[in-house]
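Here is how the chains run, residue by residue.
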Amino acid sequence: MPLLIKNIKELLQIREPDILKISGADMKTLPTIKNAYLLIEHDTIVDFGSMENCNYSDIDQVIDATGKIVLPTWCDSHTHIVYAGNREQEFVDRINGLSYEEIANRGGGILNSAKTLENTSEEDLYKQSIERVKKVIKLGSGALEIKSGYGLSTENEIKMLRVIKRIKKEFPIKIKATFLGAHAFPKEFKDNKQGYLDLIINDMLPKIAKENLAHYVDVFCEKGYFSLNDTQQILEAAKQYHLTPKIHVNQFNAFGGVELAVKHNALSVDHLEMLNESDINALKNSNTMPVALPSCSYFLSIPYTPGRQIIDAGLPLALATDFNPGSTPSGNMNFVVSTACIKMKLTPEEAINAATINGAYAMGISNQYGSITKGKKANLIITKQVPSYNYLPYAFGENNIDQVIINGTLY
Ligand SMILES: N=CN[C@@H](CCC(=O)O)C(=O)O
Ligand SMILES: [Zn+2]
């Protein structure tokens, strides 16, 4: 049954079907229609325009959006939403003076989450994870990339990826799975790093590919984690299984990870809190999307990704949550958009472009998601009554979402 949304105060992010990402100065523009309507059939946007041209009078299902804004749902291209337990104690430890690095060096951090996950059944992991998924959909996320990376053994990485597959089957939002076996070296491989790389390459990758459990491959390319050489080995091996890279780079140190990622045609490079001129140059003329994770900077009190510099260099930028138990226990894209404006000095137009169409690009789905385009999936946020779209990032911490539509159906 068709669904008509009428009297929309402003309909945001109207794009032609061939626009897959927005870069540089173009990010300052957010095409809109004021006093608009939008028509959905099944799961698809079939028509939209100005109310004065709205000739649909016999539609049964109508939403009156007077005073409200309608925009595409957020596309969160970087999450670790499948995890077990939490790391509240480390949060308190950091308040009391320990750094993220010190906690990791004591065997906490990613290894702490891996231990909890090992002791959690697949069923329980699924149950814990879907509570988070339900919450983020209510907060306006209509597409999620989800990483493994708290398994760190063949059995537990596959357990995580099977949970992601099940979420994909059970939930109407778009999900893309990423294999992140190279998230940290397990304790037993502390003095045999090549042994762990070999396990990833010779055991995990073939099994994951055989079960078709992942679309992308990720590596935490960082000092104390995976070196350039380690990263290169994994990306080369993953290529045989057609897994495109989306990698964690430059969170704490810049040492050439961006260039390596670009050389391997990475779909995205994520974090980038530490960025230098050669990283920016490597990204120019590439198809790789830089992704900023401002909630992580907020939570860890580390520098914000220089989004202004990235955009001013003519590059695109995407925004994502990084939802995970250690560095970002939040999947709230509304907070991400606000924080990008407040701390990274993005304009609301830039931040909304970064969290919708560019987020969709960073997960390889912008032909179907991330904008108001005829033929794209009807994944929409209807806000509460607000003065303008600037109010959304301005009123940080306030929930201004009234309704969320996923695949043409109210969620
Ligand atoms: N930096 C690497 N991975 C995650 C954090 C993982 C954790 O602390 O559990 C991130 O993107 O911030
Ligand atoms: Zn991450």
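Predicted model only: the values in this text are computed from it and were never measured. (Residues numbered from 1 in each chain as written. Chains lettered and ligands numbered in written order. Predicted model: local features only at pLDDT ≥ 70, side-chain atom pairs only at ≥ 80, totals over all residues.)

Of the regular secondary structure elements, the chain holds 15 helices and 16 strands. Its C-alpha atoms give the chain a radius of gyration of 21 Å, near enough to 22 Å, the size a compact globule of 411 residues would have. Structurally, the chain occupies a C-alpha span of about 70 × 45 × 45 Å along its principal axes. Scored against the burial criterion, the 411 residues of the chain give a buried share of 52%. Expressed as a percentage of contacts within the chain between residues at least 6 apart in sequence, the contacts between residues at least 24 apart total 73%. (Helix = DSSP H or I, 4+ residues; strand = E, 2+ residues; numbered from the N terminus. Rg over C-alpha atoms; globule rule 2.2 N^0.38 Å. Buried ≥ 20, exposed ≤ 12 C-beta atoms within 10 Å, placed from the backbone. Contact = placed C-beta atoms within 7 Å.)

We now examine the site of ligand 1. Neighbouring ligand 1 are the residues Gly109, Ile110, Ser113, Phe220, His248, Gln251, Cys296, Asp322, Asn324, Pro325, Gly326 and Ser327. Of the residues assigned to the shell around ligand 1, the class counts are four nonpolar, seven polar and one charged. (Near = placed C-beta within 6 Å. Nonpolar A, V, L, I, M, F, W, Y, C, P; charged D, E, K, R; others polar.)

Accessible area lost when the parts come together is the quantity often used to give the size of an interface. Domain assignment breaks the chain into domain 1 (3-72 + 371-410) and domain 2 (74-361). Listed as interface residues are 27 residues of domain 1 and, on the opposing side, 29 residues of domain 2. When residues of the side of domain 1 that touches domain 2 are traced back to their parent elements, those giving at least two are strand S5 (68-72), helix H15 (391-394) and strand S15 (401-406). At three residues, the largest contribution of residues to the side of domain 1 that touches domain 2 is made by S15. Partitioning the side of domain 1 that touches domain 2 into residue classes produces 16 nonpolar, eight polar and three charged. (Domains from an automatic or database assignment.)

Another point: the sheet that holds strand S7 (residues 141-147). Each strand in a sheet pairs with another by means of backbone hydrogen bonds, the pair being arranged parallel or else antiparallel. Read across the sheet, eight strands follow the order S6-S7-S8-S9-S10-S11-S12-S13 without closing on themselves; strand pairing throughout is parallel. The sheet is open, and its two borders are formed by strand S6 (74-79) and strand S13 (318-319), each paired with just one other strand. Of the strand pairs in this sheet, strand S10 (residues 244-249) and strand S11 (residues 268-271) are connected by four bridges, and their pairing is parallel. Across the sheet, residue Val249 finds its bridge partner in S11, namely His271. (Pairing = 2+ DSSP bridges.)

Within the largest apolar cluster, 125 residues are counted, with the highest numbers of intra-cluster contacts made by Leu38, Val70, Leu319, Val337 and Ala340. Viewed by domain, this core spans two of them, domain 1 (3-72 + 371-410) and domain 2 (74-361), each represented by three or more residues. When residues no more than four places from it in sequence are discounted, the contact partners of Leu38 are Ile5, Ile8, Leu11, Ile45, Phe48 and Val70. (Core = buried A, V, L, I, M, F, W, Y, C linked by C-beta atoms within 7 Å.)

Right, let's get into the environment of Val386. Structurally, the position occupied by Val386 is in the loop between strand S14 (380-385) and H15. Sequence separation of Val386 and Lys193 is 193 residues, and the distance between their C-alpha atoms is 54 Å. In this view, Val386 contacts Ile69, Tyr391, Leu392 and Asn400; residues no more than four positions away in its chain are not counted.

Moving on to the UniProt feature "binding site: N-formimidoyl-L-glutamate" (unreviewed entry) in the chain. In this numbering, the UniProt entry assigns the feature "binding site: N-formimidoyl-L-glutamate" (unreviewed entry) to Tyr150, Asn324 and Gly326. Across 177 residues in sequence, these annotated residues keep their C-alpha atoms within 11.2 Å of one another, forming a single compact spot. Tracing the backbone shows Tyr150 in the loop between S7 and helix H5 (154-170). Among the residues examined, Tyr150 registers 31 C-beta atoms within 10 Å and is labelled buried. (UniProt positions renumbered as here; feature names shortened; annotations may be inferred.)

Let us look at the UniProt feature "binding site: Fe(3+)" (unreviewed entry) in the chain. Mapped onto this structure's residue numbering, the UniProt feature "binding site: Fe(3+)" (unreviewed entry) falls at His78, His80, His248 and Asp322. The named residues occupy 245 residues along the chain; their greatest pairwise C-alpha distance, 12.1 Å, places them in one compact cluster. Counting through the fold element by element, His78 comes out in strand S6. For His78, a count of 30 C-beta atoms within 10 Å translates into the label buried.

Take the packing of helix H12 (residues 333-344) against helix H13 (residues 348-355) next. One way to put it is that H12 packs onto H13 with a least axis distance of 9 Å and a crossing angle of 140°. As summarised for this structure, H12 and H13 are arranged oblique, according to the angle between their axes. Judged by the sense of rotation from one axis to the other, the crossing of H12 with H13 is right-handed. Packed against H12, whose contacting residues are Met333, Val336, Val337, Ala340 and Cys341, the element H13 presents Pro348, Ala351, Ile352, Ala354 and Ala355 at the interface. Considered class by class, the residues forming the contact of H12 with H13 number ten nonpolar, no polar and no charged. (Axes fitted to C-alpha atoms, helices over the stretch in contact; angles between N-to-C directions. Parallel < 35°, antiparallel > 145°, perpendicular 65-115°, else oblique. Left-handed = near helix turned anticlockwise from the far one by under 90°.)

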